[in-house]
Each structure stands twice: as structure tokens, then as C-alpha cells.
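The chain contents come next:
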Amino acid sequence: MNSGSCSSLMEVGYDHHHHGHEELHVLAVDDNLIDRKLVEKLLKISSCKVTTAENAIRALEYLGLGDHNQHMALTNNNLKVNLIITDYCMPGMTGFELLKKVKESSNLKEVPVVIMSSEYIPTRISKCLASGAQMFMQKPLKLSDVEKLKCHLMNSRS
């Protein structure tokens with residue numbers, strides 16, 4: 001079996017801290033409950049560990065970038081997020097603004113951010129990619145999208 005294939009994904013070790021292989025820990029951000037549940041379900045089927053947040057502010061707090069926990073660096077390894085997947089249109093702070101905050105953080109700038117949107121707007125897509133987004137995905141997400149994304153991440157990590 002060739003090593004580049006995606007079926008051998010789960011044997012690719014992450015940081016071997018506490019388990020044999022560390023699963024991808026994904027932070028999924030979406031203000032729409034149904035979309036959020038769908039993304040969570042797809043990620044779990046793809047054997048990822050999922051944390052969800054209903055808006056970008058919550059996500060930043062979870063990541064240790066909230067206004068009042070700026071000093072709390074992500075020292076806790078259980079919190080280590082390998083991927084952030086966020087909706088573009090959300091009240092309060094958009095996925096694009098979340099992306100920029102993550103990329104400005106010295107602790108988090110290496111974490112891939114994927115933006116999803118139900119609208120296909122090329123200028124918006126190129127703006128996100130130019131600002132460091134790993135990928136732009138059209139909603140509703142399908143399992144094949146998640147598998148492709150996972151493949152892409154594994155390959156870019158090696």
C-alpha cells in the first residue's frame with residue numbers, strides 16, 4: 001500500500017503524548033445549530049475529536065485569545081487544536097475576522113483554518129485564502145469534503 005494513500009490516515013501519528021495516535025482535534029465554529037451538528041457528525045465519522053463553538057468570540061475564548069484571557073497561553077495540551085473549521089457569516093465576528101486573529105497569534109498561527117460558506121463568492125474566497133485560510137469549503141459539507149480536507153492536512157504536515 002503506498003504511503004501517500006488516505007486509507008492509512010489513522011496510522012499517521014500526531015504528537016505522541018498520551019495515546020498511540022492522537023486524533024485530529026477540530027474546533028468547529030458555526031452560529032447555526034443544524035450546520036454545527038452536521039459538521040460535528042461528519043468530523044466524528046472521520047474519527048476526529050470535535051469541540052464546537054456557536055460564535056467566533058466563544059472560539060477565541062476557547063483558544064485562549066479572548067479579551068480577558070489574553071495572558072493564558074495554550075499550555076494545556078489537551079486543548080491542542082489541530083484544525084479550526086469556521087463558518088464565514090456569523091453575527092458579532094465573521095469567520096474571516098476569526099481567521100485573522102488566529103493568524104496574528106504566535107501560539108496559533110500554525111493551526112490550519114478552513115472557512116465554510118453557503119455562498120460561492122470568489123472575491124471572498126480569495127480574500128480568505130490570501131489571509132492564510134487553508135481551504136474554503138462550500139456548505140452544506142459532505143463526508144467526502146471532510147475526508148479530502150483530512151487528507152490534505154495529513155499530507156501538508158509530513
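- If you check an unreviewed UniProt entry, the chain appears there as Response regulatory domain-containing protein from Brassica carinata.
- What UniProt records for the chain under Subcellular location (unreviewed entry) is the sentence "Nucleus".

### So, the overall build of the chain
(1) Moving on: Across its full length, the chain carries five helices and five strands.
(2) Moving on: Taken across its 158 residues, the chain has 44% of its residues classed as buried.
(3) Moving on: Carbon and sulfur atoms make up 53% of the accessible area of the chain, which amounts to about 8400 Å² in all.

### Overview of the pairing of strand β3 (residues 83-87)
(1) Moving on: Burial of β3 is extensive: five of the five residues sit out of reach of the surface.
(2) Moving on: Neither face of β3 is exposed, since Leu83, Ile85 and Asp87 on one face and Ile84 and Thr86 on the opposite face are all buried.
(3) Moving on: Relative to β3, strand β1 (residues 25-29) is paired through four bridges, and the arrangement is parallel. Each bridged residue has a counterpart across the sheet, and for Ala28 the counterpart in β3 is Ile85.

### Observations regarding the side chain of Arg36
(1) Moving on: You can see Arg36 is positioned in helix α1 (residues 33-45).
(2) Moving on: Within the structure, the side chain of Arg36 is placed 2.7 Å from the backbone oxygen of Asp30, a separation counted as a polar contact.

Thresholds applied
- What you see as residue numbers is a count from 1 along each chain, following the sequence as written.
- This being a predicted model, a pLDDT of at least 70 is required before a residue's local features are given, and a value of 80 or more before pairs of side-chain atoms are given or counted; all residues contribute to the totals for chains, interfaces and linings.
- Side-chain measures were taken over the full set of non-hydrogen atoms in the model, leaving aside hydrogen atoms and water.
- UniProt positions are given in the numbering used here, feature names are shortened, and annotations may be inferred rather than shown by experiment.
- Per the convention used, a helix needs a DSSP run of H or I reaching at least four residues, while a strand needs a run of E reaching at least two, with both numbered from the N terminus.
- Throughout, exposure labels follow a simple rule: accessible area from a 1.4 Å probe, protein chains only, divided by the maximum for the residue type, with under 20% read as buried, over 50% as exposed, and the rest as partly exposed.
- In this description, accessible areas are obtained by the Shrake-Rupley approach with a 1.4 Å probe, and a residue is regarded as covered only by the protein chains that are shown.
- Here the rule is simple: two strands pair whenever DSSP picks up at least two bridges between them.
- Within 3.5 Å is the distance limit for a polar contact, defined as a pair of N or O atoms, with the added protein rule that one can donate a hydrogen and the other accept it, and that residues adjacent in sequence qualify only through two side-chain atoms.

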